[in-house]
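The chain contents come next:
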Amino acid sequence: MTAHDRAGYEPAFRPLPLSEAASGLIAREKACGANNYDPLPVVLSRGAGSWLADIDGRRYLDLMSAYSAVSFGHAHPRIVAALVAQAQRLGVTSRAYHNDALPALLERLARLTRLDRVLPANGGAEAVETALKAARKWGHKVKGIPDGRAEIIACDGNFHGRTIAVIGLSTEPQYRDGFGPFPPGLSTIPYGDADALARAITPRTAAFLVEPIQGEGGIVVPPEGYLARCAEICREHRVLLICDEIQTGLGRTGRFLASEHDGVRPDAVILGKALGGGLLPVSALVGSNDLMQVFHPGDHGSTFGGNPLAAAVAIAALDVLEDEKLVARSAELGAWLLEELQDLRSPIVRDVRGRGLFVGIEVDARYIGARPVVDRLLARGILSKDTHGTVVRIAPPLNIAREDLAWAVGQIRATFREIERDLKRAA
Ligand SMILES: *Cc1c(COP(=O)(O)O)cnc(C)c1O
C-alpha cells in the first residue's frame, strides 16, 4: 500500500461534527468553486497572532501559517496599520509611473540578500517565472548560449509553483498530468546530490534552480554543505545558482535566508509568501548586476508588481522581522521544537527533521498517513497540514508565544499516543 492510499486510512477517529452554518458554507464553496483543493473541514473567520477562530467561535493554534505566508502572525497590528495608511494615501499606480514607496523596498531587499537589483512581482510562481526568463536571457546574452537553447536544471521533488513552465520542472506526476506540452530546456537531478549537478551541467546550462530545504517535497533537509558545493560547481561552470527561498526565506529556517546556513550568496534569490506580511501577495526576484542587466524597459513586467500598497506592507513586514528579532527567535524556538518532537518516541514516526521553525514529522506509511494525523490535531484545536502523503508540516508564525508552542507539543504527543492506542485496538 502506498503512502497516498494510506492517507485516507483511519482506525477509529471520528471528527468533531460541523455546525449547520459551517456545512452550509462548505457546500456553497463546493457547488461553485473549482475543485482544485481539498481543505480541512474548518471554516475560519478571524485571526490574531498565532490564533484563528472558526465561524462557531472554536479556537485553533496555527502551526501552518498559510505555508509560511503568515510568518508574522495574523493581523499583525503594525503591518495592518501600514496597509491601512498606505491604502488611504495611494494603492496602485502601475510601473508606468514612479511611486514614493517602492525605492525603500528595493534597497532593503538588496541589502538583506547582499545582492544588487530587485524585480518586484506578486505571487511566488510569477517570481519563479521571472527568474527562469532572466536565466535564459542571461544564458544567451551574457554566457553566449545560442538563442532558444538555454537549459535550466532543477531537483527531483521540487516545488516552485504551478505555471506551465514551472510544472514543466516538477517531478510530481499529479502536478503535470494533462497539462502538457511543457517548454523544452528543463531537466531535474536528484536533490541533495552535488555530484549529480556536476554531471548534468552542459555548455548550454544557464542556471540551477534549487530550494535550500524542500518545503512541499516534505521538509527535506539536504546533507551538510550541499548548497556550498553546488555554488562551487556553478561557479566553475559559469552556471547561475538561483535559490527559491519563497518558503525558506525571511527567517523561517533560523537565518534571514536558508542559503546563509551554507555561507552561500546565490546569483539570485526568489522571495514571496511572508514578504506580503500575511496580508497581500508580494514576491520578488533579487539578483546580481550580472544577471539583472538583461532586463531593459519593456522586456518584462507586471501590472501590480511593485505597487505602493505592496511595497508599504512588505517594508512593514521586514521591519517586524528585524525589530522583533524573529530570525534569532526562529533559530532558538525551532531548535527547541525539533528536540521536543524528535523525542516523540512513537513507533509510527519515521523521522522528525527541519531547521528553525520549519519542521516535518514523517509518519510510517505502513501504519498511517499524514492526513489522519492532521485531522486529529484539528479536533484538538491545532492547524497543521499534510504534505507528500506522509509528512505533517509544522511551521508556526515566527512570533508564536513559547507557551502556545509548548501546549501544541503536548497535544502532538497526546495525538500520537492516541493513534498508537487505536491502531493496537484495531489490530
Ligand atoms: C509556495 C511556493 C512557491 C509558489 O508560490 P505561489 O505564491 O503559491 O505561487 C514557489 N516556490 C516555493 C519554494 C514555494 O514554497
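Residue indices follow the written sequence of each chain, beginning from 1 at its first position. Local features in this predicted model are restricted to residues of pLDDT 70 or higher, and side-chain atom pairs are both shown and tallied only at a pLDDT of 80 or more, whereas totals for entire chains, interfaces and linings draw on every residue. Computation of side-chain values covers all heavy atoms of the structure but excludes hydrogens and water.

## Focus: the overall build of the chain
If you tally the helices and strands in the chain, you get 15 helices and 15 strands. In this description the radius of gyration comes from C-alpha coordinates, and the expected globular size is given by 2.2 Å times residues to the power 0.38. Relative to the globule expectation of 22 Å for 427 residues, the C-alpha radius of gyration of the chain, 22 Å, shows essentially globular dimensions. Three exposure classes are used, based on accessible area relative to the maximum for each residue type with a 1.4 Å probe and protein chains only: buried under 20%, partly exposed in between, and exposed over 50%. For the chain, the proportion of its 427 residues judged to be buried stands at 53%. Residues are treated as being in contact if the distance between any of their heavy atoms lies within 4.5 Å. Within the chain, contacts between residues at least 6 apart in sequence are counted, and of these 73% link residues at least 24 apart. Carbon and sulfur atoms make up 52% of the accessible area of the chain, which totals about 19,100 Å². Each charge class in the chain was averaged separately, 49 positive and 50 negative side chains, and the resulting centres sit 1 Å apart. A run of H or I in DSSP becomes a helix once it reaches four residues, and a run of E becomes a strand once it reaches two; helices and strands are each numbered from the N terminus. Values of accessible area rely on a 1.4 Å probe in the Shrake-Rupley scheme; residue burial ignores everything except the protein chains shown. When charges are counted, neither His nor the chain ends are considered; positive counts come from Lys and Arg and negative counts from Asp and Glu. By convention, charge coordinates are those of NZ in Lys, CZ in Arg, CG in Asp, or CD in Glu.

## Quick word on the pairing of strand β8 (residues 240-244)
Among the five residues that make up β8, five are buried, leaving the element largely enclosed by the rest of the structure. Residues of β8 alternate between two faces, with Leu 240, Ile 242 and Asp 244 on one and Leu 241 and Cys 243 on the opposite face, all of them buried. Whether two strands pair depends on DSSP finding at least two bridges between them. Across four bridges, strand β7 (residues 205-210) lies against β8 in parallel orientation. Each residue of the ladder has a partner; that of Phe 208, found in β8, is Leu 241. Where β8 lies against strand β9 (residues 268-271), three bridges are found, and the strand directions are parallel.

## Considering the pairing of strand β15 (residues 391-394)
Burial along β15 is two-sided: the face carrying Val 391 and Arg 393 and the face carrying Val 392 and Ile 394 are both buried. Of the pairings in the sheet, the one linking strand β12 (residues 359-363) to β15 comprises four bridges and is antiparallel in character. Residue pairing in the sheet places Gly 360 in a bridge with Arg 393 of β15. Summarising the sheet, strand β14 (residues 385-387) and β15 pair through three bridges and their orientation is antiparallel. The residue of β15 that forms the bridge with Asp 386 is Val 392. Hairpin connection of β14 to β15: three residues between the antiparallel strands, including His 388 at a positive phi of 60 degrees.

## Section: the pattern of salt bridges
The term salt bridge refers to a side-chain nitrogen of Lys or Arg lying within 4 Å of a carboxyl oxygen of Asp or Glu. Following the criterion strictly, the structure yields 25 salt bridges and no others. The closest approach of N and O atoms between Asp 351 and Arg 353, which form a salt bridge, is 2.8 Å. A salt bridge links Glu 418 to Arg 376, with the nearest nitrogen and oxygen atoms 2.7 Å apart. With Glu 418 in helix α15 (residues 402-426) and Arg 376 in helix α14 (residues 370-379), this pair connects stretches of sequence that are 42 residues apart. When sorted by exposure, Glu 418 lands in the same class as Arg 376, which is buried. Among the charged side chains, a network of salt bridges with common partners joins Arg 78, Arg 108, Arg 111, Asp 319, Glu 322 and Asp 323.

## Notes on the packing of helix α5 (residues 102-113) against helix α12 (residues 308-323)
Each axis is a line fitted through C-alpha atoms, taken for helices only over the stretch in contact, and angles between the N-to-C directions span 0 to 180 degrees. Where α5 meets α12, the closest approach of the two axes is 8 Å, and the angle between their N-to-C directions is 40 degrees. Between α5 and α12, the interaxial angle falls into the category oblique. Pair α5 / α12 crosses with left-handed handedness. Together, Leu 102, Ala 104, Leu 105, Arg 108, Leu 109, Arg 111 and Leu 112 of α5 and Ala 311, Ala 314, Ile 315, Leu 318, Asp 319 and Glu 322 of α12 make up the contact between the two elements. Amino acids outside the nonpolar list (Ala, Val, Leu, Ile, Met, Phe, Trp, Tyr, Cys, Pro) and the charged list (Asp, Glu, Lys, Arg) are all regarded as polar, and Gly is one of them. Its residues assigned to classes, the contact of α5 with α12 shows nine nonpolar, no polar and four charged. The scheme is simple: roughly parallel for angles under 35 degrees, roughly antiparallel for over 145, roughly perpendicular for 65 to 115, oblique for anything else. With the far helix as reference, a near helix turned anticlockwise by less than a right angle produces a left-handed crossing, and one turned clockwise produces a right-handed crossing.

## Focus on the state of the cysteines
Note on terminology: disulfide denotes any pair of cysteine sulfur atoms within 2.5 Å. Within this structure, the stated rule accounts for zero disulfides. Not engaged in a disulfide, the cysteine Cys 234 finds its nearest cysteine sulfur in Cys 230; these two sulfurs lie 6.5 Å apart.

## Some words on the packing of α14 against α15
For the pair α14 and α15, the least separation of the axes is 10 Å and the interaxial angle reads 125 degrees. Considering the angle they form, α14 stands oblique to α15. Regarding α14 and α15, the two cross each other, and that crossing is right-handed. In this structure, α14 uses Val 373, Arg 376 and Leu 377 to contact α15, whose residues at the interface are Gln 411, Ile 412, Thr 415, Phe 416, Glu 418, Ile 419 and Asp 422. In terms of residue class, the contact of α14 with α15 is made up of five nonpolar, two polar and three charged.

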